[in-house]
Amino acid sequence: MHEQWLTLVESLVQGDHQAVHEATSALVESDASDRTHHLLRTLQTKWEALRAQATDRQLLYDTVTELSKLDDPEDVLRFICEQVRRTFSCEVSYISIFDDVSGISYTRTSVGDAEVQFSAVQFSHGMGVGGKVMATGRPYATADYWRDKNIQHDPSVDEVVRREGFVTIAAAPMIVDGDILGVLFVASRSLRIFTQKELAILGALSMHAGPAFARALSKEKLSRAHDHLAEVTDTLQEERARAKYISEIHRELSVLVLDGAGVEEISQRLGTILSAMVKVVDSESDCSDESAVFIPIGAGGQQIASLMVCRDEPLHPWEHELCERGALVLAWSRVRDEAQAASHEQVRGELLEDVMLRRALRSFPERVKRVGAGCLAEGAIALVILPLMVQQRNPYRLKVMRNIRSHHGLMLDRGDRVIVLLPSWTSDETLDTIATEFFQEGGRGYAGKAGPGSSFLHYSHLIEEATVYATAARSLNINGRIVDNRSFGLIGLHLGSGEKDPHRIIESEIGGIIRYDSEHRTDLVRTLKAYFDSDMHIKRTAEELIIHPKTVTQRLQRVDSIIGEGWSRMPRALQVGSAIYLYEISQTLAESSRAVGKTTNP
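Since we're looking at a predicted model, the values are computed, not measured.

### Digging into the overall build of the chain
Secondary structure assignment for the chain yields 19 helices and 14 strands. The contacts of the chain with a sequence gap of at least 6 include a subset with a gap of at least 24, amounting to 63%. Accessible surface computed for the chain: about 32300 Å², of which carbon and sulfur atoms make up 50%.

### Examining the pattern of salt bridges
Following the criterion strictly, the structure yields 10 salt bridges and no others. Residue Glu 198 pairs with Arg 192 through a salt bridge whose shortest N-O separation is 3.1 Å.

### Some points on the nonpolar core
Among the nonpolar cores identified, the biggest contains 30 residues, and Leu 352, Phe 364 and Tyr 459 are the most heavily contacted of them. Elements with a contribution of two residues or more to this core: α9 (317–356), α10 (364–370), β10 (380–387), β11 (410–413), β12 (418–423), β13 (445–453) and α13 (459–475). It is α13 that provides the largest number of residues to this core, a total of 7 residues. Residues in contact with Leu 352, not counting those within four places in the same chain, are Leu 410, Met 411, Leu 412, Ile 419, Leu 421 and Ile 463. By size, the runner-up hydrophobic cluster in this structure holds 28 residues, among which are Phe 79, Ile 80, Ile 97 and Phe 213.

### A closer look at the packing of helix α7 (residues 196–258) against α9
A pair of packed helices is captured by two measures, namely the crossing angle of their axes and the spacing between those axes. Running from N to C, α7 and α9 cross one another at 20 degrees; their axes reach a closest spacing of 10 Å. On the basis of their axis angle, the class for α7 and α9 is roughly parallel. Seen along the crossing, α7 lies across α9 with a hand that is right-handed. Counted together, Arg 242, Tyr 245, Ile 246, Ser 247, Ile 249, His 250, Leu 253, Ser 254, Val 257 and Leu 258 of α7 and Trp 318, Glu 321, Leu 322, Arg 325, Gly 326, Val 329, Trp 332, Ser 333 and Arg 336 of α9 form the full contact between these two elements. Split into classes, the residues belonging to the contact of α7 with α9 amount to 10 nonpolar, 5 polar and 4 charged.

### Considering the packing of aromatic side chains
The tally for this structure, following the rule as stated, stands at 7 aromatic pairs. Judged by centre distance (5.9 Å) and plane angle (70 degrees), the rings of Tyr 245 and Trp 318 are edge-to-face. One end of the pair, Tyr 245, is in helix α7; the other, Trp 318, is in helix α9, with 73 residues separating them in the sequence. Residue class for Tyr 245 comes out partly exposed when judged on its relative accessible area of 33%. Each ring, one from Tyr 531 and one from Phe 532, has its centre 6.3 Å from the other, and the planes form 65 degrees; the classification is edge-to-face. Residue Tyr 531 shares its accessibility class with Phe 532, and that shared class is buried. An aromatic cluster is defined as three or more aromatic residues linked by ring pairs; in this entry it consists of Tyr 531, Phe 532 and Trp 567. Between the NZ or CZ atom of Lys 132 and the centre of the ring of Tyr 140, over which it lies, the distance is 5.3 Å.

### Quick word on the confidence of the model for the chain
Summary statistics for the chain give a mean pLDDT of 76 and a share of 77% for residues scoring 70 or more. By mean pLDDT, helix α14 (residues 490–495) is the weakest element of the chain at 53, and strand β4 (residues 140–142) is the strongest at 89. With pLDDT under 50 throughout, residues 595–602 is counted as low confidence; its partners more than four residues away or in other chains account for 20 contacts.

### Some thoughts on the side chain of Asp 517
Here Asp 517 shows up in helix α15 (residues 500–520). Although Asp 517 is buried, it makes no salt bridge; Arg 555 carries the closest opposite charge, 8.1 Å away. Excluding anything up to four places from it in sequence, Asp 517 contacts Thr 522, Asp 523, Leu 524 and Val 525.

### Points about the sheet that holds strand β8 (residues 293–299)
Sheets are built from strands that pair by backbone hydrogen bonding, the pairs being arranged parallel or antiparallel. Read from one edge of the open sheet, 3 strands run β7-β9-β8, paired in antiparallel fashion. Strands at the two margins of the open sheet, each flanked by one partner only, are β7 (277–281) and β8. Here the strands of the sheet are splayed against their neighbours by 25 degrees on average, with no regard to which way each runs. Sheet strands in contact with helix α8 (residues 263–274) are β7 and β9 (302–310), and its direction is about 150 degrees off that of β7. Contacts from α9 reach β7, β8 and β9, with the element oriented near 40 degrees to β8.

### Some points on the packing of helix α17 (residues 538–545) against helix α18 (residues 549–563)
Put simply, α17 and α18 touch, their axes get as near as 8 Å, and they point 105 degrees apart. Comparing their axes, α18 and α17 come out roughly perpendicular. Of the residues in α18, those touching α17 at Ile 538, Thr 541, Ala 542 and Leu 545 are Pro 549, Val 552, Thr 553, Arg 555 and Leu 556.

### Let's talk about unusual backbone geometry
A cis amide bond links Gly 451 with the next residue in sequence, Pro 452, at an omega value of 5 degrees. Within the element layout of this structure, Pro 452 appears in strand β13. Positive phi, normally seen in glycine, also occurs at Ser 275, with a value near 55 degrees. Along the chain, Ser 275 falls in the loop between α8 and β7.

Calculation criteria
Residues numbered from 1 in each chain as written. Predicted model: local features only at pLDDT ≥ 70, side-chain atom pairs only at ≥ 80, totals over all residues. Heavy atoms only, no water. Helix = DSSP H or I, 4+ residues; strand = E, 2+ residues; numbered from the N terminus. Contact = heavy atoms within 4.5 Å. Areas by Shrake-Rupley, 256 points an atom, 1.4 Å probe, with all protein chains shown as cover. Salt bridge = Lys/Arg side-chain N within 4 Å of Asp/Glu carboxyl O. Core = buried A, V, L, I, M, F, W, Y, C linked by side-chain atoms within 4.5 Å. Buried < 20%, exposed > 50% of the residue type's maximum accessible area, 1.4 Å probe, protein only. Axes fitted to C-alpha atoms, helices over the stretch in contact; angles between N-to-C directions. Parallel < 35°, antiparallel > 145°, perpendicular 65-115°, else oblique. Left-handed = near helix turned anticlockwise from the far one by under 90°. Nonpolar A, V, L, I, M, F, W, Y, C, P; charged D, E, K, R; others polar. Phe/Tyr/Trp six-rings, centres within 6.5 Å; stacked < 30°, edge-to-face > 60°. Lys NZ or Arg CZ within 6 Å of the ring centre and 35° of its normal. pLDDT = per-residue confidence, 0-100. Lys, Arg positive; Asp, Glu negative; His and termini not counted. Pairing = 2+ DSSP bridges.

Rendered as structure tokens:
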């Protein structure tokens, strides 16, 4: 019997359950006393209890060990659900996570039957088994979910439980730093009573699951933050490299400007860098390519041109920034060129002003030769332009100045009028082009030309005559084209025949009417002009003047009494009509001359 007891002790030490059972049976057969039986049963019961505790500890140890290896939050939750489902041999296990913002717990992970719909389950604080666990912070089990009066039922949860046929549900809180992170569930379709020991095991598993899940979440967030930081770092490095590259190109283009490079050279260099066609245009309408990109070139708060970039592939944002830097350099270059051109044009304008004032005329041939306009000493045409919108015009547009300079001409800008002197062989097409360019800058305007003249000693007379024609065009509202003496017929002959002839015609034909208007404060001259403008029709004249036709008739009768009857019949009507228009032009020209401090009478 001594050997049998030694065998039993050895089996207990080794933890061999089968050997313990055989050794116990052998002792019972050899010693049938009640005391022996009682001793052996007690020994076996305690040994099995110790063995169960060891199994539970091993389960927790294995769980903790495996959880420590998992970094993904979903892997942590799924492992816990699988571990619980195996431990309690139930149909399903799932975990609900509490949302601090909404105050609702939602099912995040479930393991079990394929048709389980617990992924859609949500419950509020205090509702259902999960809500009760959230409220108490302790594990809870219900053997019969439908008859448990300690549970506040939620219709949405009840619907899922009923559809799946669950009867028994147990749950335990997942606590981290005193806060409930979520609830670990286990459910069965058959009636089952969870013992305190089983609830303790479920609680222990949930207590380990909570910190593991929180650690995985933190690590995941840290990993995402690290990845985002690495991405931002890479982006910043790329942006820094691109910014450095753009600055180097900007510096290179700026050096080109300092070295005297023009717009075309800078555009070509920028096109080489971008592998594109780059060109400076005055307007986007100058290009028909739909893929072209336009970057404004501005100076002084105004757009002076556009940088056109044409390429099959679209520009990257950093390339667009590079084009903007290029536009800044081009603006600098354009301003520099315009400043130089303005300085040169000022010298040429002073030369033209000397011609107008008849100063230093003996040195005129030598001076125009020095500025590249020597042909003006042999003959010239005068062109005077009166812009319609003075404030909107840039007096030093490179395109206009270069055009005049290319035709060996001089230009003087006085703000409200532009005076141009061109060689006598300049074509009408060239004159129209120059005038049109001015009109495009400041809206429409009025232009008059005179000449050609062969002697530079009399160029001032040409300029005065062209001024008369331009002023006459403004008086008669003939805008957008160049006029000369041929544009006014008989009136033009009088305008260009000298200073005394127009006055003589005005005095002989309507001098008495002018004096009568002045003495009696009447409006006979304006009535006559409206009468001629209306083809000598009394009714239309009355409509033009907004007076009664009888008033028109009375005024015309007064004219008969002043200059005699028959003035409305040819050829006398031609003389009176010419005098009326000459008088209006002379008045407009006198007002214009006073505005610039110079009196010029036709």
